[in-house]
Amino acid sequence: MEPAQPADRVPADRTPPDGQPPADLPAGAEPTATGPTIPAAGEPARVAGEPTPATGERPAPPPRVAAAAPKAERSPKDMAISLLVLLIPIALLLAFYRGFLGGDQATTVDAAPAIEQARSANTFPVSEPQGLGSGWRTVSARYQTVDGGANLRIGYLTPEGRGVQLLQSNVPAERLLPAELTDQSQPQGPTELGGRTWQRYTARGNQQALVLLEPTRTVLVVGDARDNELRDLAGALH
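Computed from a predicted model, the values in this text were never measured in an experiment.

**Description of the overall build of the protein**
Stage number 1. When helices and strands are tallied, the protein shows four helices and seven strands.
Stage number 2. Secondary structure elements in the protein, listed N-terminal to C-terminal, are α-α-β-β-β-α-β-β-β-β-α.
Stage number 3. Counting only residues that meet the buried cut, the protein has 24% of its 238 residues in that class.
Stage number 4. Accessible area of the protein: about 17300 Å², with a carbon and sulfur share of 55%.

The following block contains the structure:
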């Protein structure tokens, strides 16, 4: 049996009957709307982004999508002009190097000190070319002692731009020729130059050689020059 309830107690369920306002609202109060707010008659509609009248706060604007920057396109003509601007200074520098500094010319040396050193050593007779044309240029010269003897090497650039080496040595020929011409080098026949009998030999690659065999020295004229230039150098030795 439940205890008796006071007569003035408010019922726990405050749900009003259908169509009636809640019982605990003050007289004249209107229920709060739960749907979209509809402006009252005569009141202007609020534009998005305007501050709220009640709080004065401005709602955050929607994020903006950054527009892609237009890609710069270069025409073939612009690219050709840019390339030309780069090539002109290079061409001018190359022309100056060749025309004024002699960039295409081989550096020449004086062979006299090396020849004098070989003669002072008195290890073998030393010959020196005489009467070569102005187109011949001496590009290297060196005298040095080696295992079994000594060598005098003089390098030349021929009038046709070919390389030729003059080697005079007292190293035994059976050791010198394989080292300088390869093991497969074979004599190709004699030739008379300057009153001496030389032997023609094959050498490395497209090179050929003229060899003078003497009791106290061996002389080699070897290079990729033409046969007539090799003969000119060998015939000029005195």
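**Regarding helix α3 (residues 173–181)**
Stage number 1. Within α3, the full set of buried residues consists of Leu176, Leu177, Glu180 and Leu181. Looking straight down α3, one finds that the buried residues subtend no more than 95° of arc, so they occupy a single side.
Stage number 2. Those residues of α3 that are buried lie in contact with β2 (149–157), β3 (163–169), β5 (196–202), β6 (208–213) and β7 (218–223).

**Notes on the pairing of strand β4 (residues 187–193)**
Stage number 1. As paired elements, β4 and β5 share six bridges and run antiparallel to each other. Bridge pairing in β5 places proline 187 opposite tyrosine 201.
Stage number 2. A loop of two residues connects β4 with β5, the two strands running antiparallel in sequence, and glycine 194 in this loop sits at a positive phi of about 60°.

**So, unusual backbone geometry**
Stage number 1. The phi dihedral of asparagine 122 is positive, around 55°, even though this residue is not glycine.
Stage number 2. Relative to the assigned elements, asparagine 122 resides in the loop between α2 (112–121) and β1 (137–146).
Stage number 3. A relative accessible area of 65% places asparagine 122 in the exposed class.
Stage number 4. Although it is not a glycine, threonine 182 adopts a positive phi angle of roughly 95°.

**Structural notes on the pattern of salt bridges**
Stage number 1. The tally for this structure, following the rule as stated, stands at five salt bridges.
Stage number 2. The partner of aspartate 147 in a salt bridge is arginine 175, and the shortest N-O contact between them spans 3.6 Å. Linking aspartate 147 in the loop between β1 and β2 with arginine 175 in helix α3, this pair joins segments that are 28 residues apart in sequence.

**Some points on the sheet that holds β6**
Stage number 1. Strands sit in the order β1-β2-β3-β7-β6-β5-β4 across an open sheet of seven strands; the sheet is antiparallel. Across the chains shown, the open sheet's two edge strands, defined by having one partner strand only, are β1 and β4. Sheet twist, expressed as the average angle between the axes of neighbouring strands with direction ignored, equals 20°.
Stage number 2. As defined by bridge partners, β2 adjoins β3 across seven bridges and the pair is classed as antiparallel. By the bridge assignment, isoleucine 154 is partnered in β3 with leucine 166.
Stage number 3. Packed on one face of the sheet, α3 meets β2, β3, β5, β6 and β7 and runs near 10° to β7.

**Let's talk about the side chain of threonine 158**
Stage number 1. Mapped onto the elements of the fold, threonine 158 is located in the loop between β2 and β3.
Stage number 2. Here threonine 158 falls in the buried class, since its relative accessible area comes to 0%.
Stage number 3. Excluding residues within four positions of it along the chain, threonine 158 makes contact with Gly135, Trp136, Val164, Ala225 and Glu229.

**Overview of the nonpolar core**
Stage number 1. Grouped together as the largest cluster of nonpolar side chains are 25 residues, with contacts concentrated most on Leu152, Leu166, Trp198, Leu210, Val221 and Leu233.
Stage number 2. Contributing elements (two or more residues each) for this core: α2, β2, β3, β6, β7 and α4 (227–235).
Stage number 3. Per-element tally for this core: the top contributor is β2, with four residues.
Stage number 4. Filtering out sequence-adjacent residues up to four positions away, leucine 233 remains in contact with Pro129, Leu132, Trp136, Tyr156, Val164, Leu166 and Val221.
Stage number 5. Membership of the second largest hydrophobic core comes to eleven residues, among which are Leu176, Tyr201, Val211 and Leu220.

Criteria and thresholds
- Residues numbered from 1 in each chain as written.
- Predicted model: local features only at pLDDT ≥ 70, side-chain atom pairs only at ≥ 80, totals over all residues.
- Heavy atoms only, no water.
- Helix = DSSP H or I, 4+ residues; strand = E, 2+ residues; numbered from the N terminus.
- Buried < 20%, exposed > 50% of the residue type's maximum accessible area, 1.4 Å probe, protein only.
- Areas by Shrake-Rupley, 256 points an atom, 1.4 Å probe, with all protein chains shown as cover.
- Arc of directions from axis to C-beta.
- Contact = heavy atoms within 4.5 Å.
- Pairing = 2+ DSSP bridges.
- Salt bridge = Lys/Arg side-chain N within 4 Å of Asp/Glu carboxyl O.
- Axes fitted to C-alpha atoms, helices over the stretch in contact; angles between N-to-C directions.
- Core = buried A, V, L, I, M, F, W, Y, C linked by side-chain atoms within 4.5 Å.

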